[in-house]
Amino acid sequence: MAVGKDDTVIVKARIDKRDYRRVVLSNSLQVLLISDLDTDKCAASMDVGVGYFSDPDGLEGLAHFLEHMLFYASEKYPVEDSYSKYITEHGGSTNAFTSSEHTNYFFDVNTDGFEEALDRFAQFFTKPLMSADATMREIKAVDSENQKNLLSDAWRMNQLQKHLSAEDHPYHKFSTGNWDTLEVRPKAKGLDTRNELIKFYEENYSANLMHLVIYTNESLDKIQNLVEEKFQDIRNTDRSCFRPAGQPCKSEHLQILVRTVPIKQGHKLRIVWPITPEIHYYTEGPCRYLGHLIGHEGEGSLYYILKTLGWATGLSAGESDWSLDFSFFKVAIDLTDAGHEHIEDIVGLLFKYIELLQQSGVCKWIFDELSAVCETKFHYQDKIPPSDYVVNIASNMLFYPAKDWLTGSSLPSKFSPSVIEMILDQLSPNNVRIFWESKSFEGHTDKVEPWYGTAYSVEKITGSAIQGWVLSARDENMHLPAPNIFIPTDLSLKIVQEKVKFPVLLSWSSYSALWYKPDTLFSIPKAYVKIDFHCPYAGNSPEAEVLTHIFTQLLMDYLNEYAYYAQVAGLYYSINHTDDGFQVTLLGYNHKLRILLETLVQKIATFGVKADRFSVIKEMVTKEYENFKYQQPYQQAMYYCSLILRDQTWPWKEQLEVLPDLQVEDLAKFVPALLSRTFIECYIAGNIESHEAESMARHMEDVLFKCSKPLCRPLFSSQHLTNRVVKLESGMNYFYPSECLNPDDENSALVHYIQVGRDDFKLNVKLQLFALVAKQPTFHQLRSVEQLGYITVLMQRNDCGIRGLQFIIQSTVKGPGNIEERVEAFLKMFETKLHEMTIDEFKSNVNALIDMKLEKHKNLREESAFFWREINDGTLRFDRRDFEVEALRQLTLQELIDFFNEYVKVGAPQKKTLSIRVYGNLHSSEYKAEASEPHLAKIDNIFTFRRSQSLYGSFKGLSGQMKL
């Protein structure tokens, strides 16, 4: 029985057609019900107001461990992993995360599976089973998750900041947990981790600390009845919310300069101040205002000056690590080598900018402009997947009054100079913490952070010393930003004459092809523009690829201070190099999009190499390539897999090798050659009329191809680009062994790839259905039961229209050869399960996959990504979903078994596999012993192998022969 639904008016976006209702159950569980009649996915999120701040001393990671354990089983559904199995088989996904003061559990599922999924989910909070056997196994999963993070700079630096705080404050804690904290140390103290786990659950998981969000296609009344029935049994012990006492940083943790050694190349500076949490003043938005100005990148900003001096390549500012009781304001700066030599000047300039803000006073016009941008963003927000939406709201419910559950702190509306000045005054030299990361400190530190082994040293700095840095800093022309010309004022919707379902080829010439798709679904004043420059010279050597990369980065660099205003106003852009040229993407409000596009095209047309910026970008790109070796081992394995399969791709080592010798003149000569032969493929979608799209395409042609001295000429027929993929030999099992590029990484990885064939509706759906039915059993067997590693995935792979399956597993427990044996053992075991599948189970899985395929796109970006993939691969099957659904409806269980027997079954005579084995340092002896085995062909050299193999025909490259 609900205590009641109240009449709180929840603020929602103008275009939001969903219905909302707040309900409080008799056990004090607060619930938000959301009815969306258009949704084809239902979702739920439970946010529990307890996190790792509540971990008992000596049991670090217990809250996180409990989050893992609740997925296993319950009294009502005792079969292990049956919750995840049900969700997966009904087209859904499920996950959870543990934060400092709350833990969030969530799932989404096809609409027809929601009621039972919700019942299974509710058992987490009523009667979970935590068997002794599962407890022991899942400690290993937590340990494996921690192993994955040990060499991640983000995790290391976050923990170092926590380490340098009061030991008796929960902020100081280690949140993840590992084998030592959850097994070895408790055992030494005579504690049973499972008993502690159950005790922690019973003490902390109380209904009054929980917030639930439900998202379905049913009426609010029906959802309410469902929720009351399934969640009223959660115990309410009237547990009070854990509140940490006071600030985590004492005087000894302030006015410090911490030098620390990162894993990756590059120098970073993080300047941090403890502040009053913005949550108490979220309508005044003091941190949003200050973050907007200190983090600005336009002319006169701190970043603009640091960039002009050649000292920085990135800067961000804003509140971080906040709770109700304490918070931090952080400025993070990516430094160049030159910037690394000018730390005192940089800190001096930062404080100089803060002084400028104090002297200028709080500007009403800046606050009003920011408020208007936030309001437009909120009222014209894209729909996002229901699972993301419920998580965001459930997390808000802990901190905000009910009317602001949807808005959170996203709508600053109350102009209060005194509140902003209060926070600004806290950004003082007297309570600053400076963290300075660089490899150059290796061997010059005297302390080690215990959980991640990060080397560091601490030096005290006085306020007067910092004042000296401010006085000696250059007197640059710092000023506040100008009014933003990119703020949209026309948010009207264009009238779509023809409700087209798929993109149409609006125009085609020897210069360009224009695909156009008006918005017929989202009714939002936004557009999406993708411009693909196909340039044959971009990918014909490692040098060419690196120079194309530097060219795209320089373009972004030249545009930055102008285009940053567009990004602030909700108009985003990116320029990325591709294997065969480069791509420009614009996404956001359509009103001023044309202005940004024309500026961008003009920058391409008038591109010249500035020597000072070239050296900064070259240094940045070099570090990017050098840091490739610090990727996770499974990412390295996936990279090798792509390198083997995709023709005309160059290895990062060769690109890194050519970088040092590249000079300004090389790029100055290269860019005109790069652009000399070009074909432009455009995709324009959203709130744009066809004549506007054609006008944009014409403008690009006029500037680049049709001026008096054209920069670009059309491609020759022979130059139209192709995507060729290696066709593995039938009946062959290839493997490529490699040592992990980072000798300190203990993790090994396997990517076991099974090639199926060219894009074909019937074949695709068999592959997709197999991936769906085998996904959760893979996770259960190889992760939950065998505990090979935290990262254990079975997923489809699509290389330019060539389809396959891949198992991806990262492990410290076993080497790649052993993992491969476990994958094959799993496939043999799964073969039996497949043969035991009933017709009803088969139909249920088919229906789940059909529902997934019929799922509507949530927003313009999602729809555009789907259609662009078809254009980019050259498959052009915009109606793919309709045909694949039809193929699924005709599919039989026997056909699925036949597919398995032909393509997947261990030892199938026509099966084609490629295994990438990456050996971490725990398994390096196994790498040295690698040799060809009777049923396995070893790849010694990727490029010799690639040259010796047949290639699939390309779907791409037909654009030169297109006819309207």
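This text gives an overview of the structure that appears in the document. Not measured: the values here are computed from a predicted model.

## Structural notes on the overall build of the protein chain
When you go through the protein chain residue by residue, the secondary structure sums to 31 helices and 30 strands. Relative to the compact-globule value of 30 Å for 964 residues, the protein chain shows a C-alpha radius of gyration of 29 Å, a close match. Across its three principal axes, the protein chain shows a C-alpha extent of roughly 70 × 70 × 65 Å. Across the 964 residues of the protein chain, 60% fall into the buried class. Within the protein chain, residue pairs in contact and separated by at least 24 positions form 83% of the contacts whose partners lie at least 6 positions apart. Accessible surface, the protein chain: about 37,300 Å² in total, of which carbon and sulfur atoms supply 49%. Once the 102 positive and 130 negative side-chain charges of the protein chain are each reduced to a mean point, those two points are 3 Å apart.

## Points about the nonpolar core
Membership of the largest hydrophobic core comes to 90 residues, with the highest contact counts inside it found for F582, L667, L914 and I916. Broken down by element, this core gets its largest block of residues, 12 residues, from helix α17 (residues 542–568). Other than its neighbours up to four places away in sequence, F582 contacts I531, D532, F533, C535, F551, T552, I575, N576, H577, I604, L674 and L675.

## Some words on the sheet that holds strand β20 (residues 571–578)
Strands sit in the order β17-β18-β22-β19-β21-β20 across an open sheet of six strands; the sheet is mixed. The sheet is open, and its two borders are formed by β17 (504–508) and β20, each paired with just one other strand. Direction aside, neighbouring strands of the sheet carry axes that sit 15° apart on average.

## What about the packing of helix α12 (residues 343–360) against helix α16 (residues 463–472)?
Two elements in contact, α12 and α16, have axes separated by 7 Å at closest approach and are oriented at 85°. It follows from the interaxial angle that α12 and α16 lie roughly perpendicular. Here E344, D345, V347, G348, F351, K352 and E355 of α12 lie close against α16, whose contacting residues are I466, Q467, W469, V470 and S472. For the contact of α12 with α16, a count of residues per class yields five nonpolar, three polar and four charged.

## Thoughts on unusual backbone geometry
Phi angles above zero are rare outside glycine, and D238 is one such case at about 50°. Here D238 is to be found in the loop between α8 (220–231) and β10 (256–260). On the basis of relative accessible area, D238 is assigned to the exposed category, the value being 58%. Located in the positive-phi region is Q648, a residue other than glycine, with phi close to 60°. By the secondary structure assignment, Q648 is in the loop between α20 (633–645) and α21 (652–658). Judged by its relative accessible area of 46%, Q648 is partly exposed.

## Concerning the environment of N178
Tracing the chain through its elements places N178 in the loop between α5 (153–163) and α6 (179–188). Considering only alpha carbons, one finds N178 and L59, 119 residues apart in sequence, at a separation of 9.6 Å. The residues contacting N178, other than those within four sequence positions of it, are V142, D143, N146, E183 and W451. Side-chain polar atoms of N178 contact the backbone nitrogen of T181, separated by 2.8 Å.

## Topic: the packing of aromatic side chains
A complete count under the given rule lists 52 aromatic pairs for this structure. Measuring from centroid to centroid gives 6.1 Å for F326 and F328, while their planes differ by 70°, and the two rings are edge-to-face. Accessibility assignment for this pair places F326 and F328 in one class, buried. Chaining the aromatic ring pairs together yields one cluster made of F71, Y83, Y105, F107, F114, F121, F124, F125, Y201 and Y205. One Lys or Arg, R797, reaches over the ring of Y753 and ends 5.7 Å from the middle of that ring. In this arrangement the basic side chain of R881 is found over the ring face of F866, its NZ or CZ atom lying 4.9 Å from the centre.

Analysis parameters
- Residues numbered from 1 in each chain as written.
- Predicted model: local features only at pLDDT ≥ 70, side-chain atom pairs only at ≥ 80, totals over all residues.
- Heavy atoms only, no water.
- Helix = DSSP H or I, 4+ residues; strand = E, 2+ residues; numbered from the N terminus.
- Rg over C-alpha atoms; globule rule 2.2 N^0.38 Å.
- Buried < 20%, exposed > 50% of the residue type's maximum accessible area, 1.4 Å probe, protein only.
- Contact = heavy atoms within 4.5 Å.
- Areas by Shrake-Rupley, 256 points an atom, 1.4 Å probe, with all protein chains shown as cover.
- Lys, Arg positive; Asp, Glu negative; His and termini not counted.
- Charge placed at Lys NZ, Arg CZ, Asp CG, Glu CD.
- Core = buried A, V, L, I, M, F, W, Y, C linked by side-chain atoms within 4.5 Å.
- Pairing = 2+ DSSP bridges.
- Axes fitted to C-alpha atoms, helices over the stretch in contact; angles between N-to-C directions.
- Parallel < 35°, antiparallel > 145°, perpendicular 65-115°, else oblique.
- Nonpolar A, V, L, I, M, F, W, Y, C, P; charged D, E, K, R; others polar.
- Polar contact = N/O pair within 3.5 Å; in protein donor to acceptor, adjacent residues only side chain to side chain.
- Phe/Tyr/Trp six-rings, centres within 6.5 Å; stacked < 30°, edge-to-face > 60°.
- Lys NZ or Arg CZ within 6 Å of the ring centre and 35° of its normal.

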